[in-house]
Structure formats: structure tokens, C-alpha cells
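Okay, here's what each chain looks like letter by letter:
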Amino acid sequence: MKPTLAPFPATRLRRTRRTPGLRDLVRETTLTPGDFIWPVFVRDGEGIEEPVASMPGVMRRSVDKVVEAAVEAHALGIPAICLFPYTDPSKRTEDCAEAWNPNNLSNTATRAIKAAVPDIAVMTDVALDPYSDTGHDGFIENGEIVNDRTVEALVKQAMSQAEAGADIIGPSDMMDGRIGAMRTALEQGGFRNVLLLSYAAKYASAFYGPFRDAVGASGALKGDKKTYQMDPANSDEAMRLIERDLSEGADMIMVKPGMPYLDICRRAKDMFGAPTFAYQVSGEYAMLAGAAQNGWIDGDRSMLESLMAFKRAGCDGVLTYFAPAAAKLLNG
Ligand code: PBG
């Protein structure tokens, strides 16, 4: 049978795209500086901003410079800053004791930020890799990353961060049972308002390479993290992890990496409706910033497009090294 063609298209979807005003009117998703958490690398010393070679535009900052960054972030409307310490190799030990030292870099920076800019939320990372001599997120016994002994240490680390004034604690270690253990310890310790943003769906990804350089963990890391971080092939398992972590007391959940895992973000948001974040990780940043630096893509546009995509995929916010640059553009 021969189809009869109407003399005009039944729907002209181009009508709503014709002018900037009409495009504004029908836009389904918005991106604002309020959507960002800015990850910053902390090092020792004073007055230091040291570039990270594989992440053009990203610095390792001494605590005083981290405070300046927090002041800038707050002025730009960025609600949260996330701290990642570069720990001196002499402080990386088998027992990882530096992780719960009240005066370690992360805790020192937390106190300094909260004193200078109390209104910005400080997020901290819970995992042993910046403090272990193996580069792994947990203790190793007989070649195995052991779970329960690691969780005990992670709880000590989380408590030291809460005592330093962290608003949001982000366990990125992928051990089983750590959310419940931290929530119990926080409640018992009088920290009932501290948020847990669980890196519930964290994949064993090749996109973390530049981060491991930035925190000095790549040289140390023996083997890979596949016995605790997820297989990139799995999606159902991510839903089980998220459900588990929410039931143990997580307030918010994270999918990591970001751009290659937008399907996981969407599925998680649809299934649980919980505050959902994605981490646009160091390798994603390096791809975009590196290509932009070479003039191969438009840096500003590709940055904003990549960030908008997280919102469209159902995320409430994004951890991104682009946070200050994107906020500046969005603020006009
Ligand atoms: C480790 C941790 C990693 C990142 C954040 N926390 C690396 C890893 O799992 O080896 C990566 C972040 C990034 O690549 O930007 N606990």
C-alpha cells in the first residue's frame, strides 16, 4: 500500500527551537552553580598552588590557598567543596593511622575552611588510599583486601572528619557495611546532622588515572581495585548497592565515573528518587580540558554540555573539577 503523504509535517518540532526565547521557554533542564561540588587537592606548605600535569588548570593547594578557593567558590554560588589530600609518602603506612589523625591535611583544611567560610559545605573523602603504602582503599592480608577490619578503620577516619567539622562525608572505598557502621558511630558520637554521600556505584575505572597522579597514589598502587570497585559491565549490581547503602543510612548517593555511566544515573534516580550525584572524574576532565587546550573542541561549550547532560540524566548535582570555571560562565 502506498502511504499518502500530508502536504505538511503533522508536527513541526522545529517551531519551539526557532528563537532563543522559545528555546528558553521549553528547556527541560537547568544548570546552575548550585549544582556543583568542587573537588580540590590539598598539600602541605604555605602559599602553594602547584599544577597537576595531567589535569590542565587543576592545582594542588596548600591549606591557605584551599581557604582562598573556598572563599571564591562561595562567592560564585558553589554550595560545596570536596577535599582530597596529597599525603607525604612518609605518612603512608601499613596501619594507615594518618587517616584519623585529627591534624592531618584533610582535617586541618576542613577546620580552616569552616572558620573562614562557614556557609560552604565541606565534603571529605573516606578511603584509605591516600594513607596506605599500597595505594589500596583497604588493608591487605594474605593478598586480599580485607573488608571488616577496613570498615573499622574507615569509621575512625569518618569520625575524625566529623570532629573536624565536615558537613558531608563521602565514603569512596566500596567496602561492604561501611555506611551502616558510620551512621551508627555518627549518631552515637552526637553527629546526627552529618550527611553521608555514599559512593554507592563506583566502578573500577581507567578514568581515575590523573587523580591517582594528583594524590600521589599511582606509583604505589599494586594491582587493581577490581575486588571492591564495580565491573563496568554491571548495572543491576549498581541498583543493589544503592538500595543497600540507602537502607544503611546514606542521605545521598553517587555514581562514579560520570559521563560513561549516565544510564546508571538515570536508572538510580528513577528507581530510588534519592538525591543523586555523579562524579565527573579526573580522566573525563583530562579528556575535555586536554582537547580544549589543543584547540580540538570548544572548551567552554563542551564543558557546559557535559555538565547539563548529568542534570538531564537525573542527577541533582555533579562533582566536577570544572566547578569554578563553569560557575563563572553561568554567572555571566
Ligand atoms: C579513592 C578515590 C579515587 C578517586 C576519588 N577517590 C581513585 C580510586 O578509586 O583509585 C578518583 C577521582 C577522580 O578520578 O577524579 N578512594
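Residues numbered from 1 in each chain as written. Predicted model: local features only at pLDDT ≥ 70, side-chain atom pairs only at ≥ 80, totals over all residues. Heavy atoms only, no water.

Novice: So what exactly am I meant to see when it comes to the state of the cysteines here?
Specialist: In protein chemistry, a disulfide is the covalent bond that joins the sulfur atoms of two cysteines. Counted by the stated rule, this structure contains zero disulfides. With no disulfide of its own, Cys265 has Cys315 as its nearest cysteine by sulfur position, at a separation of 3.6 Å. When its relative accessible area of 3% is taken as the criterion, Cys315 is described as buried. (Disulfide = S-S within 2.5 Å. Buried < 20%, exposed > 50% of the residue type's maximum accessible area, 1.4 Å probe, protein only.)

Novice: Quick question: what am I supposed to make of the side chain of Thr87 here?
Specialist: Mapped onto the elements, Thr87 comes out in the loop between β4 (80–85) and α3 (105–116). Exposure remark for Thr87: the relative accessible area of 5% places this residue in the buried category. Here the side chain of Thr87 touches Pro130 through a polar contact of 3.2 Å, landing on its backbone oxygen. Non-local contacts of Thr87, meaning those with residues more than four positions away in its chain, are made with Arg92, Glu98, Pro130, Tyr131 and Val215. (Helix = DSSP H or I, 4+ residues; strand = E, 2+ residues; numbered from the N terminus. Polar contact = N/O pair within 3.5 Å; in protein donor to acceptor, adjacent residues only side chain to side chain. Contact = heavy atoms within 4.5 Å.)

Novice: Can you walk me through the site of the ligand in this structure?
Specialist: Taken together, 18 residues form the shell around the ligand, and within it Arg212, Lys225, Lys256, Ser282 and Tyr321 come nearest. Separating an oxygen atom of the ligand from a side-chain N or O atom of Lys202 is a distance of 2.9 Å. One of the side-chain nitrogen or oxygen atoms of Lys256 is found 3.2 Å away from a nitrogen atom of the ligand. Considered on its own, the ligand offers 410 Å² of accessible surface; in the complex 100% of this is hidden by protein. (Near = heavy atom within 4 Å. Areas by Shrake-Rupley, 256 points an atom, 1.4 Å probe, with all protein chains shown as cover.)

Novice: Teacher, can you tell me more about the side chain of Ser62 here?
Specialist: Locating Ser62 in the fold gives a position in strand β3 (residues 59–62). For Ser62, a relative accessible area of 0% puts it in the buried group. Separated by 2.9 Å, the side chain of Ser62 and the backbone nitrogen of Ile48 make a polar contact. Among the polar contacts listed, one links the side chain of Ser62 to the side chain of Asp64, at a separation of 2.6 Å.

Novice: Can you walk me through unusual backbone geometry in this structure?
Specialist: Trans is the common state for peptide bonds, and a negative phi is the common state for residues other than glycine. Note that the residue after Lys256, namely Pro257, is joined by a cis bond; omega there is -10°. Residue position: Pro257 is located in the loop between β10 (252–256) and α8 (262–272). Positive phi is not limited to glycine here, since Asn142 has a value of about 50°. On the secondary structure map, Asn142 appears in the loop between β6 (140–141) and β7 (144–145).

Novice: Would you mind showing me how to read the pattern of salt bridges here?
Specialist: Within the structure shown, the criterion is met by 22 salt bridges. Notably, a salt bridge pairs Arg43 with Glu50, separated by 3.0 Å at the nearest N-O pair. Given a relative accessible area of 18%, Arg43 falls into the buried group. The structure contains a network of salt bridges with shared partners spanning Asp173, Asp176, Arg178, Arg244, Asp245 and Glu248. (Salt bridge = Lys/Arg side-chain N within 4 Å of Asp/Glu carboxyl O.)

Novice: What is the right way to look at the UniProt feature "active site" (unreviewed entry) in the protein in this model?
Specialist: Cross-referencing UniProt, the feature "active site" (unreviewed entry) maps to Lys202 and Lys256 in the present numbering. Look at the named residues: they lie 55 residues apart in sequence, but the longest C-alpha span between them is just 4.8 Å, so in the fold they bunch up. A relative accessible area of 5% means that Lys202 is categorised as buried. When near neighbours in sequence (up to four residues on either side) are disregarded, Lys202 contacts Asp137, Ser172, Met174, Tyr208, Gln229, Met230 and Lys256. (UniProt positions renumbered as here; feature names shortened; annotations may be inferred.)

Novice: Quick question: what am I supposed to make of the nonpolar core here?
Specialist: Burial of nonpolar side chains together is a common tendency in soluble globular proteins. Ranked by size, the top nonpolar core spans 103 residues in total, and within it Phe41, Ile113, Met123, Ile169, Tyr279 and Leu307 carry the most contacts. Each residue touching Ile169, except ones within four places of it in the same chain, is listed here: Thr124, Val126, Ala158, Gln161, Ala162, Leu186, Val194, Leu195, Leu196 and Leu197. (Core = buried A, V, L, I, M, F, W, Y, C linked by side-chain atoms within 4.5 Å.)

Novice: Just checking my understanding: could you explain the packing of helix α4 (residues 148–164) against helix α5 (residues 178–188) for this structure?
Specialist: Angle between the axes and distance between the axes: these two values describe a pair of packed helices. Between α4 and α5, the least distance of the axes is 9 Å, while the angle of their chain directions is 45°. Classified by the angle between their axes, α4 and α5 sit oblique to one another. The hand of the α4/α5 crossing is right-handed. Each of Val151, Leu154, Val155, Ala158, Met159 and Ala162 in α4 lies in contact with α5, whose residues at this interface are Arg178, Ala181, Met182, Ala185 and Leu186. (Axes fitted to C-alpha atoms, helices over the stretch in contact; angles between N-to-C directions. Parallel < 35°, antiparallel > 145°, perpendicular 65-115°, else oblique. Left-handed = near helix turned anticlockwise from the far one by under 90°.)

Novice: Which parts of the structure should I look at to understand helix α7 (residues 236–248)?
Specialist: Count 3.6 residues to each turn of an α-helix, and residues three or four apart come out pointing the same way. With 13 residues, α7 extends 19 Å from end C-alpha to end C-alpha; this agrees with the ideal 18 Å at 1.5 Å per step. The set of residues buried in α7 consists of Ala238, Met239, Leu241, Ile242 and Asp245. All buried residues of α7 project into a common sector of 160° when viewed along the axis, lining one side. Turned more than 90 degrees away from the buried face of α7, the exposed residues are Asp236, Arg240 and Ser247. Contacts made by the buried residues of α7 are with α5, β9 (195–202), β10 and α8. Note on α7: the residue one or two positions beyond its end, Gly249, has a positive phi of about 120°. (Expected span 1.5 Å × (residues − 1). Arc of directions from axis to C-beta.)

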